[in-house]
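Architecture at a glance
Now for the letters of each chain:
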Amino acid sequence: MRHGLSSRGWIAVAGQRLGVGIGHAAATVTVEAADATFRITCAGQVIAEVARTTTKPIARFKVRKPQR
């Protein structure tokens, strides 16, 4: 799933907020969901791997660009 980060470097997936840092703010990233983690990549490089704390399914795969 591709998604645009907020201007502060946050993204929400399956009801969980994931922070990747201000250095990647407003970038378009890819989020891969596994059983226990979310892996966030930007331009082919892993920038964060966050523990999954929710069991909610991912309900929406189409996202919008963040407002500037």
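Procedures and definitions
Residues numbered from 1 in each chain as written. Predicted model: local features only at pLDDT ≥ 70, side-chain atom pairs only at ≥ 80, totals over all residues. Heavy atoms only, no water. Helix = DSSP H or I, 4+ residues; strand = E, 2+ residues; numbered from the N terminus. Phe/Tyr/Trp six-rings, centres within 6.5 Å; stacked < 30°, edge-to-face > 60°. Lys NZ or Arg CZ within 6 Å of the ring centre and 35° of its normal. Pairing = 2+ DSSP bridges. Buried < 20%, exposed > 50% of the residue type's maximum accessible area, 1.4 Å probe, protein only.

Moving on: the environment of V20. Along the chain, V20 turns up in the loop between β3 (16-19) and β4 (28-33). Distance from V20 to W10, taken between C-alpha atoms, is 6.3 Å for residues 10 residues apart in sequence.

The next subject is the packing of aromatic side chains. Evaluated as defined, the whole model comprises 0 aromatic pairs. One cation-aromatic arrangement involves R17 over W10; the distance from NZ or CZ to the ring centre is 4.2 Å.

A few words now on the pairing of strand β6 (residues 45-51). In this sheet, β6 lies alongside strand β5 (residues 37-42) in antiparallel orientation, the contact comprising 6 bridges. Paired with F38 across the bridge in β6 is V50. Connecting β5 to the next strand, β6, in antiparallel fashion are 2 residues, including A43 with a positive phi near 55 degrees.

Our next topic: the pairing of strand β2 (residues 10-13). Because side chains alternate across β2, one face comprises the buried residues I11 and V13, and the other comprises W10 and A12, none of which is buried. As judged from the 4 bridges shared by β2 and β3, these two strands associate in the antiparallel manner. The partner of W10 across the bridge, within β3, is G19. Joining the antiparallel neighbours β2 and β3 is a turn of 2 residues, in which A14 adopts a positive phi near 55 degrees.

All we've got here are geometric facts, nothing functional implied.
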